[in-house]
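# Geometric and topological summary
Residue-level listing of the chains:
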Amino acid sequence: MPGHSAEAAFEVERCGGVPYYLPMKRNLVRWIPAILAPVLVAGTAIGFSVSASAAIDLPDKSASQILQLINTNPEIAFSGKVTKKAQLGLPPMNIIPDISQAMVDEAAKNMPKEMKDFLPQASAQGELALALEFAAGTHVANIYVDGTRKARLQVLDLVAERNFIRNGADLWFYDSSKQIVKHSVVNEADEKQAQRQALDFFNANSAQLAFDATSPAAVADYFLSQAGPQTTFSVGKDAKVAGRGVYQITATSRTAGSLVASVTVSVDAATGLPLAVVVTAVGQSNPAFEIAFDSITFAQPAAANFTFAVPAGAKLIEVPLPTQSDLAKYTGKKATAAQESQAKAEFEKLKAQGWAAVLEVAAAMVPAEITALKANKLYTELTTPVASGRIFSTALLNILFANDGRVFAGSVTTQKLLEAAAK
Amino acid sequence: MLNVKKFKGSLMQSELSVLFRRRRTWAMLTTISMIPIFLAIAVKLSGSTLPPGEGPPFLDRVSQNGMFVGFTAMILAIPLFLPLTIGVVAGDTIAGEANTGTLRYLLVAPVSRTRLLIVKFLGASAFALAATFTLMITGIAIGAILFPIGPVTLLSGDVISIPAALVRIFLVAIYVTISLMGLTAIGLFISTLTVIPVGAMAATVVVSTVTQILGTLPQLAVIHPYLISYYWLGFADLLRNPISLGSFASNTLLQLAYIAIFGSLAYGRFTTKDVLS
């Protein structure tokens, strides 16, 4: 039938080359890749994460043995990438780093009142902002270590970088976004002497210690027994961090009112280097603070990683370190017996409180920098008022700036902190 | 017997020649090249040096070293200008042909729909390559004309020679091109859904914008690594010392995943739909 075939030919063209009488099946077949592709992508992604956290079984070790395993050799060399995540419950909004207070005020003036909630309330500049920025949020950094004299922390910011470098006697800090270089020179002779003095002091007094300081096992056991009443130590399942087998040791707080629920340290089975630390807070399912290696190699990093020359256009700030004669001003004064016993009593008091220890700083002892902070708008933004002062509250630490000038700090609930301050 | 190989080449050639002969393509490339030019002129005219740390990254270095014009322009262009032009080109691929009524003539020739789809994707990717290189080359050229050029200071503070810097600039342009390929695949898929090219273009730009807004919401941090724009600014890792290729690899994998998903969606849609125009 010629008429029929003409119609069919039209239909074939209409369907773009696919004859109309082909069953619907063929159309379905053509959607199969669209269904398979997401499955394939998801499967690959999951496969990667599963292989990274594959089960591993290391020879069993007790908590004491794991503590003894922790690396104490300062001449270790390694390099790797570290990720730090913090969920401290700091208010993330309304603080914009690196904007001057004048700019914030100017913006507030020009904005309608309704928009006020969207405005930054305070600037975060200077050392305090740097400290807050480091404490909160997520950071990725490369670490290079070659013994005690060569080390570098390369903080990988977005389109920026901060470097902390020690190369022999030179200490460098470089901030690429601000183009600032800070440089200090360590007097290595002084440093060696200080180390020697500390060692001499330790050797001279080790006989008075309650344990045999020359035996790592004795030190570990003593530490565990002292921590016993407030802390439960447990050995977790063997795990993998940065692709290496690790022992996990967890210290769980037994003190009521403490903000810290537990601290877990993952110790590399082969080298004893701690590869991850996770701190959980009471009442928070995600870790409040965690830092872990993503990758690590135990080869000596190339010397080029530690060399630094001030780049053109950067501002160089020389920061002198305290010298031996500066320190002598302090060390020259001998503490009186009364001061010594007071310090000892303070320490015993803190130890008895365990995880719920509250540190009290008398008004006269509060550094001028902290007193000056109160003028900063950031201070009012970050703290909440209470009857006896203002509280800076995070998931792991609460600080009370009392009206009478004293400062109380502790890893305890605000309730406990206020009680301690009222005593 | 038709020489298939020759034919395949000619389809690609014709696609590229049509794309790069369009006035619209040249208008977009000219606009892109205006970004570094305006930026450099503005810095030159203002005369005052910006205090480091204010304004977009690298802007304060432009007056000291013209090589940075390209980098600064790239950072400015990545969030909006480049995705916008990709949206126009990728959104137009199929819907544009359908709208002008040329799609069925393309398919009357013995060209499989799959091959046409691949050629369209490669054509749009070629535009992305042209766009990023236009931006970088214009940036370096205008920087060299208006400012002194010299060894480049990397983010890590190390200084590299001009030839070494050019290698890094080349890598950055490749990185950004790859960054845009996932979006190209999305645009291609949207383009198969409609016969109105403007709709597909707008939808592609909306996808890029919405993705970037989602990327700024801290509450959605869980999904951030899967967003198409997650590594867009990661090209800065190529400016570190030692050079960090981690984000290059991660970005490529992410974009490949998007190409696989939206490419196969486009295949499913385009090979089963009725082509009426």
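Rules used in this analysis
- Within every chain, residues take consecutive numbers counted from 1 along the sequence as written.
- Each chain gets a letter, beginning with A, and each ligand a number, beginning with 1, in the order they are written.
- Side-chain atom pairs in this predicted model are given and counted only at pLDDT of 80 or more, local residue features only at pLDDT of at least 70, and totals for whole chains, interfaces and linings cover all residues.
- Hydrogens and water molecules were not included; the side-chain quantities draw on all heavy atoms of the structure.
- Between rings of Phe, Tyr and Trp, where Trp is taken as its six-membered ring, a pair exists when centres lie within 6.5 Å; planes separated by under 30 degrees are stacked, by over 60 edge-to-face, and by other angles tilted.
- The helix count covers DSSP runs of H or I at least four residues long, the strand count covers runs of E at least two residues long, and both are numbered beginning at the N terminus.
- Exposure categories follow from relative accessible area, calculated using a 1.4 Å probe and restricted to protein chains: below 20% of the type maximum is buried, above 50% is exposed, and the middle band is partly exposed.
- Throughout this description, the term charge over a ring refers to an Arg CZ or Lys NZ atom that lies within 6 Å of the ring centre and within 35 degrees of the ring normal.
- Expected helix span is computed as 1.5 Å times (number of residues minus one).
- Regarding the arc, it is the one traced by the directions from the helix axis to the C-beta atoms.
- In this analysis, two residues are considered to be in contact whenever any of their non-hydrogen atoms come within 4.5 Å of each other.
- Two strands qualify as a pair provided DSSP detects at least 2 bridges between them.
- Throughout, the accessible surface (probe 1.4 Å) given up by two parts as they are put together, summed over both, is called the buried area.
- Between Lys or Arg on one side and Asp or Glu on the other, a salt bridge is scored when a side-chain nitrogen of the former is within 4 Å of a carboxyl oxygen of the latter.
- We call Asp, Glu, Lys and Arg charged. Ala, Val, Leu, Ile, Met, Phe, Trp, Tyr, Cys and Pro are nonpolar, and the rest, Gly among them, are polar.
- Excluding any residue in a salt bridge, patches collect residues exceeding 30% relative accessible area, merging like charges within 9 Å and nonpolar Val, Leu, Ile, Met, Phe, Trp and Tyr side chains within 5 Å.
- Computed with the Shrake-Rupley method and a 1.4 Å probe, the accessible areas treat only the protein chains shown as cover for residues.
- All axes are obtained by fitting lines to C-alpha atoms, using only the stretch in contact for helices, and the reported angles, taken between N-to-C directions, cover 0 to 180 degrees.
- Note on scores: pLDDT gives the predictor's confidence for each residue, bounded by 0 and 100.
- By the definition adopted for this analysis, an angle is roughly parallel if under 35 degrees, roughly antiparallel if over 145, roughly perpendicular if from 65 to 115, and oblique otherwise.
- Crossing handedness follows the turn of the near helix against the far one: under a right angle anticlockwise gives a left-handed crossing, and clockwise gives a right-handed one.
- In protein, a polar contact means a hydrogen-donor-capable atom and an acceptor-capable atom, both N or O and within 3.5 Å, with residues adjacent in sequence counting only if both atoms are side-chain atoms; elsewhere, any N or O pair within 3.5 Å suffices.
- Domain ranges listed in this record stem from an automatic or a database domain assignment.

Under the definition given, this model contains 13 aromatic pairs over all chains. Between B:Phe68 and B:Phe71 the ring centres are 5.9 Å apart and the planes differ by 55°, which places this aromatic pair in the tilted class. Within this pair, B:Phe68 and its partner B:Phe71 are both found in helix 3 (residues 68-77), separated by three residues, close to a single helical turn. Taken as a pair, B:Phe68 and B:Phe71 share a single burial class, namely buried. Summarising the aromatic geometry, the rings of B:Tyr258 and B:Phe262 are spaced 6.1 Å apart at their centres and angled 5° between planes, so their arrangement reads as stacked. Within this pair, B:Tyr258 and its partner B:Phe262 are both found in helix 9 (residues 246-272), separated by four residues, close to a single helical turn. B:Phe262 carries the same exposure label as B:Tyr258, and that label is buried. What links up through ring pairs into an aromatic cluster is the set A:Phe78, A:Phe293 and A:Phe298. For the cation-ring pair, B:Arg113 lies above B:Phe270, with the distance from its terminal atom to the ring centre recorded as 5.7 Å.

Moving on, we get to helix 7 (residues 216-227) of chain A. Residue and element names in this part refer to chain A. Relative to the 16 Å expected for twelve residues at 1.5 Å per residue, helix 7 spans 17 Å between its end C-alpha atoms, a close match to the ideal helical length. Of all the positions in helix 7, only Ala220, Leu224 and Ala227 are classed as buried. Seen along its axis, helix 7 keeps its buried residues to an arc of 75°; they face one direction. Packed against the buried residues of helix 7 are helix 3 (63-69) and strand 9 (231-235).

Our next topic: the pairing of strand 11 (residues 244-253) of chain A. Both faces of the sheet carry side chains from a regular strand, because those side chains alternate between them. Residues and elements named next belong to chain A. For strand 11, the tally of buried residues reaches seven of ten residues, placing the bulk of the element in the interior. Pairing of strand 9 with strand 11 involves five bridges; the strand directions are antiparallel. In the strand pairing of strand 11, Val235 is matched with Ile249. With three bridges connecting them, strand 10 (residues 239-241) and strand 11 associate as antiparallel partners.

Facing the 35 residues of chain A at the interface are 36 residues of chain B. A buried area of about 2900 Å², summed over both sides, lies between chain A and chain B, and 56% of it is on carbon and sulfur atoms. The interface formed by chain A and chain B holds one salt bridge in total. Across the salt bridge formed by B:Arg240 and A:Glu161, the nearest N and O atoms sit 2.9 Å from each other. When contributions to the side of chain A that touches chain B are tallied by element, the ones reaching two or more residues are helix 1 (2-14), helix 2 (25-52), strand 5 (150-157) and strand 6 (160-167) of chain A. Here the side of chain A that touches chain B is composed, by residue class, of 18 nonpolar, ten polar and seven charged.

Right, let's talk about a nonpolar patch on the surface for a bit. Judged by side-chain polarity, A:Val29, A:Ile32 and A:Leu36 come together as a nonpolar surface patch covering roughly 270 Å² of accessible area. Position of A:Leu36 relative to the elements: it lies in helix 2.

Turning next to the sheet that holds strand 16 (residues 358-361) of chain A. The strands making up a sheet associate through hydrogen bonds between their backbones, and the pairing can be parallel or antiparallel. Residue and element names in this part refer to chain A. Spatially, 16-20-19-18-17 is the arrangement adopted by the five strands of the open sheet, whose pairing is antiparallel. Where the open sheet ends on each side, the last strands, each with one partner, are strand 16 and strand 17 (383-386). Between one strand axis and the next, the sheet turns through 20° on average, direction left out of account. Sitting on the sheet, helix 12 (residues 414-422) touches strand 16, strand 17, strand 18 (389-393), strand 19 (398-402) and strand 20 (407-410), and the angle it makes with strand 19 is about 35°.

This part covers the confidence of the model for chain A. Residue and element names in this part refer to chain A. Of the residues in chain A, 80% reach a pLDDT of 70 or more, and the chain-wide mean stands at 79. A low-confidence stretch, residues 1-16 (pLDDT under 50), is modelled with 16 contacts involving residues beyond four sequence positions or located in other chains. Ignoring residues within four places in sequence, the model shows residues 92-97, a span with pLDDT below 50, making 16 contacts including any to other chains.

Our next topic: the packing of helix 2 (residues 23-46) of chain B against helix 6 (residues 113-146) of chain B. Residues and elements named next belong to chain B. In the contact formed by helix 2 and helix 6, the axes pass within 9 Å of each other and the chain directions differ by 30°. Classified by the angle their axes make, helix 2 and helix 6 are roughly parallel. As helix 2 runs across helix 6, the sense of the crossing is right-handed. Note on element contacts: helix 6 touches helix 2 through Phe127, Ala130, Ala131, Thr134, Leu135, Thr138, Gly139, Ile142 and Leu146, opposite Thr25, Met28, Leu29, Ile32, Ser33, Ile35, Pro36, Ile37, Ala40, Ile41 and Lys44. Here the contact of helix 2 with helix 6 is built from residues that sort into 14 nonpolar, five polar and one charged.

The omega torsion across B:Asn241 and B:Pro242 is -5°, close enough to zero to call that bond cis. On the secondary structure map, B:Pro242 appears in the loop between helix 8 (197-216) and helix 9. A positive phi is found at A:Gln179, a non-glycine position, where the angle reads about 55°. When you line up the elements, A:Gln179 lands in the loop between strand 7 (170-175) and strand 8 (180-185).

All names here are of chain B. With respect to the helices and strands, Asp237 occurs in the loop between helix 8 and helix 9. Residue class for Asp237 comes out buried when judged on its relative accessible area of 13%. Of note is the side chain of Asp237, whose polar atom sits 2.9 Å from the side chain of Arg240. A polar contact of 2.8 Å, which involves the side chain of Asp237, links it to the side chain of Ser247. Residue contacts for Asp237: discarding those within four places in its chain leaves Ile243, Ser244 and Ser247.

Moving on to the pattern of salt bridges. Residue and element names in this part refer to chain A. On inspection of all chains with the given rule, the structure shows 15 salt bridges over all chains. A salt bridge links Glu161 to Arg152; the nearest nitrogen and oxygen atoms lie 3.8 Å apart. Given the relative accessible area of 0%, Glu161 is considered buried. Judged by relative accessible area, Arg152 falls into the buried class, the value being 4%. A salt bridge links Lys178 to Asp175, with the nearest nitrogen and oxygen atoms 3.7 Å apart.

Residue and element names in this part refer to chain A. On the secondary structure map, Pro59 appears in the loop between helix 2 and helix 3. According to the relative accessible area criterion, Pro59 is exposed, its value standing at 59%. Separated by 24 residues in the primary sequence, Pro59 and Thr83 place their C-alpha atoms 28 Å from one another.

Turning our eyes to something else, we now look at the domain arrangement of chain A. Residues and elements named next belong to chain A. On domain assignment, one finds that chain A holds domain 1 (2-52), domain 2 (71-92 + 136-222 + 289-330) and domain 3 (334-422). A separation of 28 Å is found between the C-alpha centroids of domain 2 and domain 3. Between domain 2 and domain 3, the contact holds six residues from the first and six residues from the second. Between domain 2 and domain 3, roughly 410 Å² of surface is buried when both sides are summed, and carbon and sulfur atoms account for 72% of that area.

Relative to the helices and strands, B:Thr93 is located in helix 4 (residues 81-100). When neighbours within four sequence positions are excluded, B:Thr93 is seen to be in contact with B:Lys120, B:Ala124, B:Leu188 and B:Ser191.

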